[in-house]
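Analysis of the macromolecular model
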Amino acid sequence: MSTRRTAIVTGAARGIGAAVAKRLAADGFAVAVLDLDEAACKPVVEDIRSGGGDALAVGADVSDETAVEAAVARVAQELGAPTVLVNNAGIVRDNLLFKMASDDWDAVTNVHLRGAFLMSRAVQRHMTEQRWGRIVNLSSTSALGNRGQANYSAAKAGLQGFTKTLAIELGKFGVTANAVAPGFIETDMTAAAAERMGMSFEDFKASGAAQVPLGRTGRPEDIAHTVSFFASEGAGFVSGQVLYVAGGPCD
Ligand code: NAP
């Protein structure tokens, strides 16, 4: 990379987001580690700095318009104009349709869809000004349908349409938009799912791995590697794509 670029990774205090933040820092990006709680971002920031990278902890709720505008302005001021955005922040509120509260529908679609929209809208002005940008959205294999996840699967499928539309609108500015759709990844999110189902995480992982052609569950680094590719200079002709990273075939 000839000039240092700045990346924002949302939901980066832990799980996939933390791995993505560390990987992009290792790739040479200055990284804004954004999550709900600024203090929770500090360990990831320290990790990056101790490896010689540049990082900033930023607290913001991605579904809050005012907070998003302020966070992006702060990143531009303190780290440099953000030209890579990874929309990773996410929550689940699983339930079968007949038991799903409308609050749980709103909470999930707000974080994933409204959050990705607000962040992308705030960051695109820096990307279009620089005539270079990379947006990577975290979708999921659940976009193809998953029992108990009407809210989450709709949001993750929605992100795929959002991604393709951004690719169409922003292409002429040198900005790409792609989505990564992970399968089962070992994080707090899947550990909590195991707990809800009354299973140990080890048993839950084993049952997940049994359905994966590669015979294992994924790790946050598997996703970070894919995001690194989409964010790279060399991926500048790849846009509007959804890449399933699930250890084997998906749609
Ligand atoms: P995770 O361990 O639960 O981490 C998600 C992070 O997002 C948390 O740090 C969380 O903060 C943060 N967050 C939640 N709401 C936010 C908001 N409104 N504003 C800012 N940050 C917010 O989840 P993960 O497993 O790493 O998942 C990361 C992404 O990958 C999500 O979009 C998820 O849907 C997607 N994904 C995961 C899997 C999987 O198997 N793990 C599979 C497919 C897709 P708090 O800790 O404060 O809540």
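The structure displayed is predicted, hence computed values, not measured ones.

**Quick look at the overall build of the protein**
- On a plain count of helices and strands, the protein comes out with eight helices and seven strands.
- Taken over C-alpha atoms, the radius of gyration comes to 17 Å for the protein, in line with the 18 Å a tight globule of 251 residues would show.
- Expressed as lengths along the three principal axes of its C-alpha atoms, the size of the protein is roughly 50 × 35 × 35 Å.
- Residues counted as buried form 49% of the 251 residues belonging to the protein.
- A total accessible area of about 11,500 Å² is found for the protein, and carbon and sulfur atoms account for 52% of it.

**Some points on the pattern of salt bridges**
- Going through the model one piece at a time under the given rule, you end up with 13 salt bridges.
- Among the salt bridges present, the one from R196 reaches D94, with a minimum N-O distance of 3.3 Å. Of this pair, R196 sits in helix α6 (residues 188–196) while D94 sits in the loop between β4 (82–87) and α4 (102–130); the two residues are 102 residues apart in sequence, bridging distant segments of the chain.
- The class of R196 is partly exposed, set by a relative accessible area of 48%.
- Overall, D94 belongs to the partly exposed group, its relative accessible area being 30%.

**Notes on the packing of aromatic side chains**
- Under the criterion given, the structure shown has two aromatic pairs.
- Note on F229 and F230: the rings are 5.5 Å apart at their centroids and 50° apart in plane angle, and the pair reads as tilted.
- For F229, a relative accessible area of 40% corresponds to the partly exposed category.
- A residue is classified by how much of its surface remains accessible, and F230, at 3% relative accessible area, is buried.
- Taking the ring centre of W132 as reference, the NZ or CZ of R5 above it sits at 3.5 Å.
- One Lys or Arg, K205, reaches over the ring of F201 and ends 4.9 Å from the middle of that ring.

**Regarding helix α2 (residues 38–50)**
- End to end, α2 covers 18 Å across 13 residues, agreeing with the expected 18 Å (1.5 Å per residue, within 8%).
- At V44, α2 shows its maximal bend, which comes to roughly 25°.
- Those residues of α2 hidden inside the fold are in contact with α1 (15–26), β2 (30–35) and β3 (55–59).
- Looking at where α2 begins, the residue whose side-chain oxygen comes 3.2 Å from the main-chain nitrogen of A39 is D37.

**Re the site of the ligand**
- Taken together, 28 residues form the shell around the ligand, and within it R14, D35, N88, Y152 and T187 come nearest.
- At a separation of 2.6 Å, an oxygen atom of the ligand approaches a polar side-chain atom of R14.
- Take T187: an N or O atom from its side chain is 2.5 Å from an oxygen atom of the ligand.
- In the complex, 90% of the free accessible area of the ligand, which totals 900 Å², lies under the protein chains.
- Top contributing element to the shell around the ligand by residue count: α6, with three residues.
- Each of domain 1 (6–183 + 220–244) and domain 2 (185–217) contributes no fewer than three residues to the shell around the ligand.

**Considering the nonpolar core**
- L24, V31, V33 and V86 are the most contacted members of the largest nonpolar core, which has 33 residues in total.
- Among the elements of the structure, β1 (6–10), α1, β2, α2, β3, β4, β5 (133–138) and α8 (220–231) are those that each provide at least two residues to this core.
- If you tally residues by element for this core, the top one is α1, at seven residues.
- If sequence neighbours within four positions are ignored, V31 has contacts with A7, V9, A21, L24, A25, I48, D54, A55, L56 and L79.
- Counting residues in each nonpolar core, the second largest holds 30 residues, with L85, A116, M119 and V123 among its members.

**Looking at the sheet that holds β5**
- Read from one edge to the other, the open sheet built from seven strands follows the order β3-β2-β1-β4-β5-β6-β7, with strand pairing classed as parallel. Looking at which strands have only one partner, the edges of the open sheet turn out to be β3 and β7 (242–245). Taken pair by pair, the neighbouring strands of this sheet meet at an average axis angle of 20°, ignoring direction.
- Where α2 meets the sheet, it contacts β2 and β3, and its direction lies at approximately 170° from that of β3.
- The strands touched by helix α3 (residues 65–78) are β1, β2, β3 and β4; relative to β3, the strand with the most contacts, the crossing angle is about 160°.

**A short note on the domain arrangement of the protein**
- Domain assignment breaks the protein into domain 1 (6–183 + 220–244) and domain 2 (185–217).
- Across the contact, 13 residues belong to domain 1 and seven residues belong to domain 2.
- Interface of domain 1 and domain 2: buried area, both sides summed, is about 750 Å²; carbon and sulfur atoms make up 59% of it.
- Counting across the interface, domain 1 meets domain 2 through three salt bridges.
- Viewed at the interface, domain 2 and domain 1 are joined by four residue pairs in polar contact (both at pLDDT 80 or more).
- Breaking the side of domain 1 that touches domain 2 down by element, the ones donating at least two residues are α1 and α8.
- When residues of the side of domain 1 that touches domain 2 are assigned to their parent elements, the largest contribution, three residues, is made by α8.

Criteria and cut-off values
Residues numbered from 1 in each chain as written. Predicted model: local features only at pLDDT ≥ 70, side-chain atom pairs only at ≥ 80, totals over all residues. Heavy atoms only, no water. Helix = DSSP H or I, 4+ residues; strand = E, 2+ residues; numbered from the N terminus. Rg over C-alpha atoms; globule rule 2.2 N^0.38 Å. Buried < 20%, exposed > 50% of the residue type's maximum accessible area, 1.4 Å probe, protein only. Areas by Shrake-Rupley, 256 points an atom, 1.4 Å probe, with all protein chains shown as cover. Salt bridge = Lys/Arg side-chain N within 4 Å of Asp/Glu carboxyl O. Phe/Tyr/Trp six-rings, centres within 6.5 Å; stacked < 30°, edge-to-face > 60°. Lys NZ or Arg CZ within 6 Å of the ring centre and 35° of its normal. Expected span 1.5 Å × (residues − 1). Bend = angle between axes of the 7 residues up to and from the residue. Contact = heavy atoms within 4.5 Å. Polar contact = N/O pair within 3.5 Å; in protein donor to acceptor, adjacent residues only side chain to side chain. Near = heavy atom within 4 Å. Domains from an automatic or database assignment. Core = buried A, V, L, I, M, F, W, Y, C linked by side-chain atoms within 4.5 Å. Pairing = 2+ DSSP bridges. Axes fitted to C-alpha atoms, helices over the stretch in contact; angles between N-to-C directions. Buried area = accessible area lost by both parts, 1.4 Å probe.

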